[in-house]
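Residue strings, one per chain:
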Amino acid sequence: MEIPTLLSAYFAAIDDKCLDAEVIAATFLPDGRVVRPDGVALAGRAEILAEQNESFARFRATHHMLTDHIVTRSGDAAQVRANMQAMHLWNDAGNSAELQTHFVAGGVLQASAKLTPDGWRLSELTMRPAWRTGATTRMFLPAHR
């Protein structure tokens, strides 16, 4: 699987609420890392799976769109830059047309990948927001309520 497809499959699993150990293993190296927009780093497949599922459980729906992938390969390693826009609808949201029920953010994904015998796997995925609008202050509260 090529790297842009790998990224799209990972975010599709998040949006479809089916992020599981199989998806994580197909996306990340065993010691892979995710650096969230707030700078918190998740290390290793088990932590990525548990923490991403906990975080995204706060939302009734999400919708991630990835564009403009730039992949720079050097042997069995690659660096990736892509633009991302994502919508997050809070679980307790009423009328989704109201601004305080959701937020939309845009930014840059940066990733490092390695080619393994099983295909490309990410060693690190970083999400750097450029802008946000809507009900964003709630995202900085703990996921457990």
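Here, every reference points to the structure presented above.
Residues numbered from 1 in each chain as written. Predicted model: local features only at pLDDT ≥ 70, side-chain atom pairs only at ≥ 80, totals over all residues. Heavy atoms only, no water.

Caption draft 1: Highlighting the pattern of salt bridges. Considering all chains together, one arrives at one salt bridge under this definition. The shortest N-O distance in the salt bridge between Arg33 and Glu124 comes to 2.8 Å. Taken together, the residues Arg33 in strand S1 (residues 28-35) and Glu124 in strand S6 (residues 119-134) connect sequence positions 91 residues apart. The class of Arg33 is partly exposed, set by a relative accessible area of 31%. (Salt bridge = Lys/Arg side-chain N within 4 Å of Asp/Glu carboxyl O. Helix = DSSP H or I, 4+ residues; strand = E, 2+ residues; numbered from the N terminus. Buried < 20%, exposed > 50% of the residue type's maximum accessible area, 1.4 Å probe, protein only.)

Caption draft 2: Structural detail: the environment of Trp131. As for its placement among the helices and strands, Trp131 is situated in strand S6. For the pair Trp131 and Val104, spaced 27 residues apart in sequence, the C-alpha to C-alpha distance is 8.4 Å. Filtering out sequence-adjacent residues up to four positions away, Trp131 remains in contact with Gln85, Val104, Ala105 and Gly106. (Contact = heavy atoms within 4.5 Å.)

Caption draft 3: How the structure looks around the environment of Asp68. Following the sequence through the fold, Asp68 ends up in strand S3 (residues 59-74). As a C-alpha pair, Asp68 and Met84 span 16 residues in sequence and 8.9 Å in three-dimensional space. Excluding residues that lie within four positions of it along the chain, Asp68 makes contacts with Arg81, Ala82 and Asn83. A polar contact of 3.4 Å, which involves the side chain of Asp68, links it to the side chain of Thr67. Only 3.1 Å separates the side chain of Asp68 from the side chain of Asn83, close enough to count as a polar contact. (Polar contact = N/O pair within 3.5 Å; in protein donor to acceptor, adjacent residues only side chain to side chain.)

Caption draft 4: Expanded view of helix H3 (residues 45-56). Under the 1.5 Å per step criterion, the end-to-end length of H3 is 16 Å for 12 residues, consistent within 8% with the ideal 16 Å. All of the buried residues along H3 are Ile48, Gln52, Ser55 and Phe56. Considered in projection along H3, the buried side chains sweep an arc of 85° and stay on one side of the axis. (Expected span 1.5 Å × (residues − 1). Arc of directions from axis to C-beta.)

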